[in-house]
Amino acid sequence: MASSFTTTLSKPLKTLHNTTLFSNFPTLPFSSFSFPLSSKSNSSTSYPTLSTKSSSVRASAATPKEAATPKEAATPFASIADDRVKKVHSATEFDEALKAAKDKLVVVEYAASHSQNSKKIYPFMVELSRTCNDVEFLLIMGDESDDTRALCAREKVEKVPHFSFYKSMNKIHEEEAIGPDQLMGDVLYYGDNHSAVVQLHSRDDVESLIEQHRGDGKLIVLDVGLKHCGPCVKVYPTVVKLSRQMETVVFARMNGDENESCMEFLKDMNVIEVPTFLFIRDKKICGRYVGSGKGELIGEILRYQGVRVTY
């Protein structure tokens, strides 16, 4: 069984298992979500800071170096039909492209002509651009000119391939030396406007969704994560795929660090690790699964659907 990982919200676990199942988790009426926030002893919200990088980058006008990735055959940039990927040649063009995208997700690949790894990952970005019409894709060749080198320095990009993700002109995530699966996961996670997963942004959104499905018998699977949580990104393509295949299950997602309402909701639900999946039916929480294991998640959904699952 593949191991799963979690990102600790407030305190480390002593032992981390492949799955954390609360078979005796209390069945709570959904009205318990409506406790007044003022009754809490700690009214301030401390948002967790998560980073996918352990080292800082230094701004310079030097040509970005190549990040280490597995070696495979590379395809030249010029040989790929990539009409959906916009080439950017200066900081001015870059800023204009971000502004024109408005609130759409913008995926930027910083590459270099000498980088084999940039050439390897680029075809996968082109393929994503053809299927994700609600996402904008930009390519910046860091060694093309003084202008692009200056842009890389401004954005603190030292190694390629480097991917940055923007919304409303703000950088929301960045990755170095990632593979196709990770890139696809990032695009789905940060730009998911085209799946059957309901996006929740507050406690009111959760209660509204629960009320909407009161009495219809449908299982609601609420995926609770954080914006920069690697395991959350890892498992999300599975959530998207399941949302398209399981018509009798409602899939929803909430990022706990999006705002104070979301963070308070996580505290009320005693969520201390992410990703956590809450299983809700008829206004009651019937269980939860903590982890990013694809097989375990599917098994738990089937179990709460009444299908006998043997581990």
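We now turn to the structure provided with this report. (Residues numbered from 1 in each chain as written. Predicted model: local features only at pLDDT ≥ 70, side-chain atom pairs only at ≥ 80, totals over all residues. Heavy atoms only, no water.)

### Description of helix α7 (residues 260–268)
Then step 1. Taken together, the buried positions of α7 are occupied by Cys262, Met263, Glu264, Phe265 and Leu266.
Then step 2. Those residues of α7 hidden inside the fold are in contact with α5 (203–212), β12 (219–225), β13 (249–255) and β15 (276–281).
Then step 3. Structurally, the start of α7 carries an N-cap: the backbone nitrogen of Ser261 is 3.1 Å from a side-chain oxygen of Asn259.
Then step 4. Trailing α7 by a residue or two, Asn270 shows a phi angle of about 60 degrees, which is positive. (Buried < 20%, exposed > 50% of the residue type's maximum accessible area, 1.4 Å probe, protein only. Helix = DSSP H or I, 4+ residues; strand = E, 2+ residues; numbered from the N terminus. Contact = heavy atoms within 4.5 Å. Polar contact = N/O pair within 3.5 Å; in protein donor to acceptor, adjacent residues only side chain to side chain.)

### Brief notes about the packing of aromatic side chains
Then step 1. The final tally for this structure, using the stated rule, is six aromatic pairs.
Then step 2. For the ring pair Tyr189 and Tyr190, a centre distance of 5.1 Å and an interplane angle of 85 degrees mean the geometry is edge-to-face. An identical accessibility class is assigned to Tyr189 and Tyr190; each is buried.
Then step 3. Members of the aromatic cluster, connected to one another through ring pairs, are Phe165, Tyr189, Tyr190 and Tyr236.
Then step 4. Across the ring face of Tyr236, the terminal group of Arg253 is positioned such that the distance to the ring centre comes to 4.4 Å.
Then step 5. In this structure, Arg303 is placed above the aromatic ring of Tyr304, and the distance from its NZ or CZ to the ring centre is 4.8 Å. (Phe/Tyr/Trp six-rings, centres within 6.5 Å; stacked < 30°, edge-to-face > 60°. Lys NZ or Arg CZ within 6 Å of the ring centre and 35° of its normal.)

### Regarding the side chain of Asp186
Then step 1. Mapped onto the elements of the fold, Asp186 is located in helix α4 (residues 180–191).
Then step 2. We note that Asp186 is buried and unpaired, the nearest opposite charge coming from Arg253 at a distance of 9.6 Å.
Then step 3. Not counting chain neighbours up to four residues away, the residues in contact with Asp186 comprise Phe165, His173, Glu175, Ile178, Gly191 and Val233. (Lys, Arg positive; Asp, Glu negative; His and termini not counted. Salt bridge = Lys/Arg side-chain N within 4 Å of Asp/Glu carboxyl O.)

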